[in-house]
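# Structural features, examined
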Amino acid sequence: MMTFTLHLKSCPPSAARSLILQKKPNIKTMSSMAGGSRAASVVVLHRSLAPAFEKFCQANSGPLPLLGRSEPAKWTLPTLGTVPDTRMGCPQFRKYEFGACTGSLASLEECSEQLKDMVTFFLGCSFSLEEALEKVGLPRRDRAGHGHAGAYKTAVPCASVAGFCCPLVVTMRPIPRDKLDSLVQASCSMVGEQGQPIHIGDPELLGIKDLSKPDYGDPVVCRPGDVPVFWPSQLTSLEAVSSCKTPLAFTSAPGCTVMTRLKDMEAPASCLTPERIPEVHPISQDPLHYSITSASAIQKIRELETIIAIDPGNRGIGHLFCKDELLRASLSLSHAHSVLITTGFPTHFKHEPPEETDGPPGAIALAAFLQALEKDVSMVVDQRALCLFKKLVEEAVEQGVLKTQTPILTYQGGSAGAAQAFLCKNRDPKSPRFDHLVAIERTGRAADGNHYNARKMNVKHLVDPIDDLFLAAQKIPGISSTGVGDGGNELGMGKVKEAVKSHIRNGDVIACDVEADFAVIAGVSNWGGYALACALYILNSCEVHGRYLRKAIGPPRAPGEQTWTQALPSVTKEEKMLGILVRHKVRSGVSGIVGMEVDGLPFPGTHAQVIQKLLDVTRVSV
């Protein structure tokens, strides 16, 4: 019998005591494994590598959930049981020498002498996806009982430890779109976070080129209407063993498991708290991409959306509102690596500067939080206003509103391909420089090509063609866009232009014709920028979303890291930011006053209250 050092944080003592191999353990294929006993795959390494491999498993617990390990030099070879008929005569172990697989073995008995200096690790196998599929009424599509469903090497690197450095391996099942939520919730209710997918959508986002050519096992065919869903696979351990190039190692053969007496205990759905219930939401159609976060986080973001949707100017913006645009925009931004923000509405065309106080504060507040998430952030503004925005950003850093300066760019158009050249490296649409564009209270082009303020005054002569970047982004896979507005004439509001024409004063003339993927409607556009920052805090403090972002590898980020909290908008910081604008003679949009107000509303009271309400929702534990 083996002696185990157990690593079973989530198992009750009774289950831990039962984690021993049967005297005649069964070897079964993963794809035909029935419910009941717990399956484990095996990795056998020299004792000198055991500490590093244990840390590697702990650092990559998604694909490598460590159930237990033998004590060094205390190996007693178990007697292998018979193999099910479906695998009769097939090898059950792989032998590795200096990183290369040099053979397959039906038994390790002939290696008993070498095994005396080795340690055996038992890794929990992927739970039976077929059981989760059956639970939501989906038939299995792999060849039941024959081989095992395909698994793929990805371009996602695992967290490295010592000599263990390898790509994540995943398994895939095609799921009809209308079953995504129920399937993900069923799989998580069965085994908790181990049942949570790490990617839903286009396989190329994981670096997988061809689903018909798995690196292990047999392919499962996608049908029209299916979405590929990926889970981490314990076959990552084979890549890890190969990477360390140790003189001798053994692993379970792909598809083979050792059965233990540890039972798979299904947790009823009622045991999943709102903080653990996953929900699936689409964030991109090209490439196809879905995100996951918890029901609790979603509820809080919906509360933020409600707070900013009040209409203090009685403009009729409630008719423009589309539910969950803030949620989808923030989910997309959470996945982004490089974000380009634009703002600037020269409504006061008879004054210098013509900009208004709505827009820049929201843009800088969002930039501050994106910086805290370690994303690349740039701004693009009118050439005419470049000096003003450079001063605003410099002083925002000096006043502690923004941590570091952001690059400030300009775009003046030109040739037909100028927008694509600006957005993409070497003009190549397969290599975008930015993966999300955000417009906050940025003047938007109307159907006649002009730019109008709310009073139907044309300000096109003060505006550079930044709208063209949003139009070009619609044709470049991998770039998403968000527009934040409060009147329908802002960039991105083309998504709701029919409602603008019907319900907003002068809407038939001023409605922006350029749409964004997500249209966030707010009573004041700055509020939309603040809400996006708060929503990103909520998402990145959510364990469900955090695990999905990091693909279940590497250490989780501490919920609500101190730098995130400091980067949130606050009444004090936003008052400072408005003060900076006032010092540069930037005027309120409605009244034209140079003073501590935005859109005719005083900062003390109206804006301060909205900011505080957003923070009160955000800071409650997710």
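Remember, it's a predicted structure, so these values are computed and weren't measured experimentally.

## Quick notes on helix H10 (residues 386-398)
The end-to-end C-alpha separation of H10 is 18 Å, in line with the 18 Å expected for 13 residues at 1.5 Å each. Every buried residue belonging to H10 is among Leu386, Leu388, Phe389, Leu392, Val393, Glu395 and Ala396, and all of these are buried. Where H10 is buried, its residues contact strand E16 (338-344), helix H9 (360-372), strand E17 (376-381), strand E18 (408-410) and helix H18 (571-583). Glycine 400, located one to two residues past H10, shows a positive phi value of around 80°.

## Some thoughts on the side chain of glutamate 356
For glutamate 356, the position within the fold is in the loop between E16 and H9. Here glutamate 356 occupies a buried position and makes no salt bridge, while the nearest side chain of opposite charge, arginine 315, is found at 6.5 Å. When near neighbours in sequence (up to four residues on either side) are disregarded, glutamate 356 contacts Phe345, Thr347, His348, Glu441, Val586, Arg587, Gly589 and Asp599.

## Examining the sheet that holds strand E10 (residues 199-201)
What holds strands together in a sheet is hydrogen bonding between their backbones, with the strands either parallel or antiparallel. Here we have 6 strands laid out as an open sheet, ordered E8-E9-E11-E10-E15-E14, and antiparallel in their pairing. A single partner strand is all that each edge strand has here, and the edge strands are strand E8 (151-157) and strand E14 (278-285). Strand-to-strand twist in this sheet, taken as the mean axis angle between neighbours without regard to direction, amounts to 35°. Sheet topology places E10 next to strand E11 (residues 226-232); 2 bridges connect them, and they run antiparallel. The residue bridging histidine 199 from the neighbouring strand is phenylalanine 230, located in E11.

## Comments concerning the pattern of salt bridges
Applying the stated criterion to the full structure yields 17 salt bridges. Between glutamate 54 and arginine 69 there is a salt bridge, with the nearest N and O atoms lying 2.7 Å from each other. Taken as a pair, glutamate 54 in helix H2 (residues 50-59) and arginine 69 in strand E4 (residues 66-70) lie far apart in primary sequence, 15 residues in all. Owing to a relative accessible area of 15%, glutamate 54 belongs among the buried residues under this scheme.

## Description of the packing of helix H7 (residues 295-308) against helix H8 (residues 325-335)
Helix-helix packing: each pair is described by the crossing angle between the helix axes and the interaxial distance. The contact between H7 and H8 brings their axes to 8 Å, and the two run at 120°. The orientation of H7 relative to H8 falls into the category oblique. As for how H7 packs across H8, the hand of that crossing is right-handed. On H8, the residues that touch Ile298, Ile301, Leu304 and Glu305 of H7 are Glu325, Leu326, Leu327 and Ser330. Residue composition of the contact of H7 with H8, by class: 5 nonpolar, 1 polar and 2 charged.

## Observations regarding unusual backbone geometry
Residues aspartate 286 and proline 287 are joined by a peptide bond in cis, for which omega reads 0°. Along the chain, proline 287 turns up in the loop between E14 and strand E15 (288-294). Between glutamate 352 and the following residue, proline 353, the backbone shows a cis peptide bond with an omega angle of 0°. Following the sequence through the fold, proline 353 ends up in the loop between E16 and H9. Positioned with a positive phi, glutamate 441 is a non-glycine residue whose angle comes to about 50°. Along the chain, the position of glutamate 441 falls in strand E19 (residues 436-442). Of note, asparagine 506 is a non-glycine position whose phi angle comes to about 65°, a positive value.

## Considerations on the packing of H18 against helix H19 (residues 603-618)
Relative orientation of the contacting elements H18 and H19 amounts to 135°, with a least axis distance of 10 Å. Of the possible angle classes, the one that applies to H18 and H19 is oblique. The interaxial crossing formed by H18 with H19 has right-handed handedness. In this structure, H18 contributes Val571, Glu574, Glu575 and Leu578 to the contact, and H19 contributes Phe603, Ala608, Ile611 and Gln612. Per-class residue counts for the contact of H18 with H19 are 5 nonpolar, 1 polar and 2 charged.

## So, the sheet that holds strand E21 (residues 518-521)
Spatial strand order, E18-E17-E16-E19-E20-E21: 6 strands in an open sheet with parallel pairing. Two strands bound the open sheet, and with one partner strand each, they are E18 and E21. Each adjacent strand pair in this sheet contributes to an overall mean axis angle of 25°, direction not counted. Note: E16 against E17, 5 bridges, orientation parallel.

## Let's talk about the pairing of strand E5 (residues 93-97)
Consecutive residues of a regular strand have side chains that alternate between opposite faces of the sheet. Sheet analysis places E5 next to strand E12 (residues 249-252), joined by 4 bridges and oriented antiparallel. When the bridges of E12 are listed, tyrosine 96 appears paired with alanine 249. Summarising the sheet, E5 and strand E6 (residues 100-105) pair through 5 bridges and their orientation is antiparallel. In the strand pairing of E6, phenylalanine 93 is matched with leucine 105. Between E5 and E6, which pair antiparallel and follow one another directly, the connecting turn spans 2 residues, one of which, phenylalanine 98, has a positive phi of 50°.

## Considerations on the environment of valine 241
Assignment of secondary structure puts valine 241 in helix H6 (residues 236-244). As for valine 241 and cysteine 166, which are separated by 75 residues in sequence, their C-alpha atoms are 8.8 Å apart.

## Notes on the pairing of E19
Within E19, 7 of the 7 residues are buried, which leaves it mostly tucked inside the rest of the structure. In terms of strand pairing, E16 meets E19 through 6 bridges, oriented parallel. Looking across to E19, one finds that leucine 340 is bridged to leucine 437. Note: E19 against strand E20 (residues 480-485), 5 bridges, orientation parallel. Residue pairing in the sheet places leucine 437 in a bridge with serine 481 of E20. Running through helix H12 (residues 467-473), the crossover from E19 to the neighbouring parallel element E20 is right-handed.

## Quick word on the packing of aromatic side chains
Taken as a whole and judged by the stated rule, the model has 7 aromatic pairs. Feature note: the residues Phe53, Phe56, Phe121 and Phe164 constitute an aromatic cluster, connected by ring pairs.

## A closer look at the confidence of the model for the chain
Scored by pLDDT, the chain comes out at a mean of 87, with 86% of its residues at no less than 70. pLDDT under 50 marks residues 76-89. Its contacts with residues more than four places away, or in other chains, come to 30 contacts. Per-residue pLDDT stays below 50 along residues 263-270; that stretch engages in 15 contacts with residues further than four places along the chain or on separate chains.

## Topic: the environment of glutamine 420
Here glutamine 420 is to be found in helix H11 (residues 418-423). Of the residues examined, glutamine 420 reaches a relative accessible area of 30% and is grouped as partly exposed. As for glutamine 420 and proline 432, which are separated by 12 residues in sequence, their C-alpha atoms are 8.7 Å apart. With residues up to four places along the chain from it excluded, the contact list for glutamine 420 reads Arg427, Pro429, Ala472 and Ile476. Of note is the side chain of glutamine 420, whose polar atom sits 3.0 Å from the backbone oxygen of arginine 427.

What counts, and where the lines are drawn
- Numbering of residues starts from 1 in every chain and runs along the sequence as written.
- Local features in this predicted model are restricted to residues whose pLDDT is 70 or higher, and side-chain atom pairs enter the listing and the counts only when it is 80 or higher, whereas totals over whole chains, interfaces and linings include all residues.
- Side-chain measures here rest on the full set of heavy atoms in the structure, leaving out hydrogens and waters.
- Every helix listed is a DSSP run of H or I at least four residues long, and every strand listed is a run of E at least two residues long, numbered separately from the N terminus.
- Here a helix's expected span is defined as the number of its residues, less one, multiplied by 1.5 Å.
- For each residue, the accessible area found with a 1.4 Å probe, counting protein chains only, is set against the maximum for its type, and the residue is called buried under 20%, exposed over 50%, and partly exposed in between.
- Note on contacts: a residue pair is in contact if any heavy atoms of the two residues lie within 4.5 Å.
- The charge count includes Lys and Arg as positive and Asp and Glu as negative, but it does not include His or the ends of the chains.
- When a carboxyl oxygen of Asp or Glu lies within 4 Å of a side-chain nitrogen of Lys or Arg, that pair is called a salt bridge.
- Only when DSSP finds a minimum of two bridges between them are two strands counted as paired.
- Note on geometry: axes are lines fitted to C-alpha atoms, helical ones only across the stretch in contact, with angles between N-to-C directions running from 0 to 180 degrees.
- In what follows, roughly perpendicular refers to angles from 65 to 115 degrees, roughly parallel to angles under 35, roughly antiparallel to angles over 145, and oblique to any angle outside these ranges.
- Should the near helix be turned anticlockwise from the far one by less than a right angle, the crossing is left-handed, and should it be turned clockwise, the crossing is right-handed.
- Gly is put with the polar residues, along with every residue not named as nonpolar or charged; the nonpolar set is Ala, Val, Leu, Ile, Met, Phe, Trp, Tyr, Cys and Pro, and the charged set is Asp, Glu, Lys and Arg.
- Seen with its strands pointing away from the viewer, a crossover is right-handed if its path from the first strand over the helix to the second goes clockwise.
- When two rings of Phe, Tyr or Trp (its six-membered ring) have centres within 6.5 Å they constitute a pair, described as stacked for plane angles under 30 degrees, edge-to-face for angles over 60, and tilted for the intermediate range.
- Values of pLDDT, which run from 0 to 100, indicate the predictor's confidence residue by residue.
- As used in this structure description, the phrase polar contact means that two N or O atoms lie within 3.5 Å; if the pair is within protein, one of them must be able to donate a hydrogen and the other to accept it, and residues adjacent in sequence are counted only when both atoms belong to side chains.

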